[in-house]
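Analysis of the macromolecular model
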Amino acid sequence: MCGIVGYNGKEKAIEKIVTGLEALEYRGYDSAGIAYFEKDTIQILKKKGRISALKEILPKKDAQVGIGHTRWATHGEPSERNAHPHRCGKFTLVHNGIIENYLELKNILQENGYSFLSETDTEVAVALLDYLYEEEKGVLKTLEKAMKMLRGSYAFGILFEDTPDTIYAMRHSSPLIVAEKEGEEFIASDVPAILSYTQEYYLLDDFDIAILKPNKISFYHDGKEITKEKLTFEGSLESSQKEGYEHFMLKEIHEQPRVIKDTIEYYFDGTKNSLFQNLPDLKKYQKFHIVACGSAYHTGLVAKSWIEEIVHLPVDCEIASEYRYKQVFYDSNTLVIVISQSGETADTLASLRKAKKDGIDTLAIVNVIGSSIAREADQVLYIKAGCEIAVATTKAYSAQLALLSLLTLKLALIHETIREDEFLEIRKQIETLPQQMEKLIANPQYQKIASTIYERDDIFYLGRKLDYAISMEGALKLKEISYINCVAYPAGELKHGTISLVEQKTPVIGILTVSEIQEKTISNLKETAARGAYLILISNEEIKEGNELILLPNIHPLLEPILAIIPLQLLAYEIAKLRGCDIDKPRNLAKSVTVE
Ligand code: F6R
């Protein structure tokens, strides 16, 4: 949700900032801008659209200090006027986040003679700095005072006209890192922006301020200078590059066998008696709340089904933006599990904070190391997905499922709800997962099926129980990258209204992995076929009823969803490709949703 980059060094700042912004473009891409020092004055250039459009207007100047921004619009349409950086007086600023009290502050500032050119909350923030500077006189003091007045989330990169060798940065509830390498200094919203220079970085905490001067970075918190620990990014530069794949999404789909292997191996050692490692003690918990957004919520639905069916314990799975505001019923034996790839999703973070405030134990399943959710949860389990760049999640989704399947297995052993022979069989099958995934990825059917249905306006996904949870993710994948209107329905529910939308050749994708209700789902699918639907079945059994069948390996229900999602990801990918969509950067979306 907006990407920020800043550079302070001896090299060409404009080029460095643009390279960094390109690595962060997945965070937002409706407009972009840059500010740099030319002698002692700050120049600003902005452009609606992608960074490629901004590049066309950038001068070949030897600036050494600057900041840049790639935007995902929150306040005001994508336009040059609303694009960052914004300037007021001597301050120029780029922002990721949302200032919640910006209208209140805007009124105060207007009463004090300020006027505004854009519709953004960011312009209010920069005007506030200018206003406070009049009283405080020092930049550091001004930033500290502003922190006390701003509500909401922000990561700021700031230039001040009187200090042309300096970048200021501060954050609250939006990520920001600082890095240095041989006289070059950087700020960035995420690690990919700095990986071509260094893998080491400092992570700003809430209410930290960083001041980057030549060869000296200082950190402040609560008015005092502090030291910060240097962190090392575990992945490589290649992990944030396409490595020959046409799209990041395709690359990340292909990475899944490795990611699943790494995730499972970190938490489960089938050769040892102890079996599980690095997992928390779950004995005390009798009830679970799983809270997340989007695809992460869909993994929660799968886990709900697993834990309820296999462990026989109750699970509430809730969308975080609802959970944070609803009446929640927990007791001392409840564990709240939040799931998030980015670890920065605003609603998931708020739900976590709500549970913590109520004194309930929390566990986070997260991909991005050191992210806000990871740091704030009582316990954190990292999936081993590495950098996920495509906006549509794939490898993080399946790694979350893999980890949740292990948690379920551990609970089943604790509560003795699984027979030994069944457990031994699962243990054997876990090892075969990466290989099974590879085979499914290599299946040549997806392109052909995609070419039959890619021009349709509506597509339905049907399934029951676990299959319904998988359908939801399949439908989300397709709609977000292809812009086809698709819905997932519990198979038995369609005839209560929605079946009226089925026409001749409407594609209906049936997920059929749960054997005990397979016949029921098939009957529902046939009801749609009787009304002209084109049936695509994804099943672990040879079913003759449909127009197309994608055959899954037959594996334990605890592992099946990890495989069943692959055909759905690749179908979505092939359809979006045939429709000429921008697969890695779908319209209106951004990777990390740090606003409510
Ligand atoms: C869909 C997708 C989103 C995210 C959701 C939560 O492909 O990526 O639905 O799953 O925005 O994001 P995280 O997992 O970062 O909390």
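Description of the structure in this document.

Parameters at a glance
Residues numbered from 1 in each chain as written. Predicted model: local features only at pLDDT ≥ 70, side-chain atom pairs only at ≥ 80, totals over all residues. Heavy atoms only, no water. Helix = DSSP H or I, 4+ residues; strand = E, 2+ residues; numbered from the N terminus. Rg over C-alpha atoms; globule rule 2.2 N^0.38 Å. Buried < 20%, exposed > 50% of the residue type's maximum accessible area, 1.4 Å probe, protein only. Contact = heavy atoms within 4.5 Å. Areas by Shrake-Rupley, 256 points an atom, 1.4 Å probe, with all protein chains shown as cover. Lys, Arg positive; Asp, Glu negative; His and termini not counted. Charge placed at Lys NZ, Arg CZ, Asp CG, Glu CD. Axes fitted to C-alpha atoms, helices over the stretch in contact; angles between N-to-C directions. Parallel < 35°, antiparallel > 145°, perpendicular 65-115°, else oblique. Left-handed = near helix turned anticlockwise from the far one by under 90°. Nonpolar A, V, L, I, M, F, W, Y, C, P; charged D, E, K, R; others polar. Salt bridge = Lys/Arg side-chain N within 4 Å of Asp/Glu carboxyl O. Pairing = 2+ DSSP bridges. Near = heavy atom within 4 Å. Polar contact = N/O pair within 3.5 Å; in protein donor to acceptor, adjacent residues only side chain to side chain. Domains from an automatic or database assignment. Right-handed = clockwise from strand over helix to strand, strands pointing away.

Looking now at the overall build of the chain. The helix and strand tally for the chain stands at 17 helices and 25 strands. Taking 2.2 N^0.38 as the reference for a compact globule, 596 residues should give roughly 25 Å; the C-alpha atoms of the chain span a radius of gyration of 25 Å, in line with that estimate. C-alpha atoms of the chain, sized along the principal axes, occupy 75 × 50 × 45 Å. Out of the 596 residues in the chain, the part that is buried amounts to 61%. Taking the contacts inside the chain whose residues are at least 6 apart along the sequence as the reference set, 70% of them involve residues at least 24 apart. Put simply, the chain shows about 23,500 Å² of open surface, and 47% of that area lies on carbon and sulfur atoms. Distance between charge centres in the chain, computed from 69 positive and 87 negative side chains, equals 1 Å.

For the rest of this paragraph, the subject is the packing of helix α13 (residues 420-442) against helix α17 (residues 560-578). Running from N to C, α13 and α17 cross one another at 20 degrees; their axes reach a closest spacing of 10 Å. With respect to each other, α13 and α17 are oriented roughly parallel. Judged by the twist between their axes, the crossing of α13 over α17 is right-handed. Contacts from Leu433, Gln436, Met437, Leu440 and Ile441 in α13 reach Ile562, Leu563, Ile566, Pro567 and Leu570 in α17.

Contact geometry for helix α8 (residues 294-311) and helix α12 (residues 395-414): axes closest at 9 Å, N-to-C directions at 20 degrees. On the basis of the axis angle, α8 is roughly parallel to α12. Every pair of crossing elements has a handedness; the one defined by α8 and α12 is right-handed. From α8, Ser295, Ala296, His298, Thr299, Val302, Ala303, Trp306, Ile307, Ile310 and Val311 reach across to α12, where they touch Tyr397, Gln400, Leu401, Leu404, Ser405, Thr408, Leu411 and Ala412. When the residues that make up the contact of α8 with α12 are grouped by side-chain class, the tally is 12 nonpolar, 6 polar and no charged.

This part covers the pattern of salt bridges. Using the criterion set out here, one finds 43 salt bridges in the structure. Close ionic contact of Arg171 with Asp206 constitutes a salt bridge, the shortest N to O distance being 2.7 Å. Pair noted here: Arg171 is in strand β8 (residues 167-172) and Asp206 is in the loop between β11 (200-203) and β12 (208-213), with a separation of 35 residues, a long-range link. Of the two residues, Arg171 and Asp206, both sit in the buried class. A salt bridge links Asp205 to Arg375; the nearest nitrogen and oxygen atoms lie 2.1 Å apart. Of the two residues, Asp205 is situated in the loop between β11 and β12 and Arg375 in helix α11 (residues 372-376); the sequence distance between them amounts to 170 residues. Of the residues examined, Asp205 reaches a relative accessible area of 30% and is grouped as partly exposed. For Arg375, a relative accessible area of 33% corresponds to the partly exposed category. What you see here is one network of salt bridges that share partners, running through Arg171, Asp206, Arg353 and Glu376.

This part is about the sheet that holds strand β24 (residues 534-539). As summarised here, the arrangement of the 5 strands in space is β22-β21-β23-β24-β25, forming an open sheet in which the pairing is parallel. Each edge of the open sheet is held by one strand with a lone partner, namely β22 (485-490) and β25 (548-551). Each adjacent strand pair in this sheet contributes to an overall mean axis angle of 20 degrees, direction not counted. Those strands touched by helix α16 (residues 518-529) are β21 (458-463), β23 (507-512) and β24, and its axis lies near 175 degrees from that of β23. Along the sheet, α17 contacts β21, β23, β24 and β25; its crossing angle with β23, the most-contacted strand, is approximately 160 degrees.

Attention now goes to the site of the ligand. Near the ligand, the surroundings consist of 15 residues, among which Ser340, Gln341, Ser342, Thr345 and Glu480 are the closest. Here an oxygen atom of the ligand sits 2.6 Å away from a polar atom, N or O, in the side chain of Ser340. Of all the elements in the fold, those that place two or more residues in the shell around the ligand are α8 and α15 (466-482). Classifying every residue of the shell around the ligand by side-chain character gives 6 nonpolar, 7 polar and 2 charged. Counting contributing residues, the shell around the ligand receives three or more from each of domain 2 (242-442) and domain 3 (443-596).

Each regular strand shows side chains that alternate between the opposite faces of the sheet. Buried residues dominate strand β16 (residues 287-292), accounting for 5 of its 6 residues. Judged from the 5 bridges that link them, β16 and strand β18 (residues 334-340) form a sheet pairing that is parallel. If you follow Val291 over to β18, its bridge partner there is Val338. Where β16 and strand β17 (residues 315-319) come together, 5 bridges link them in parallel fashion. Its bridge partner being in β17, Ile290 is matched across the sheet by Cys317. Crossover connection from β16 via α8 to parallel β17: handedness right-handed.

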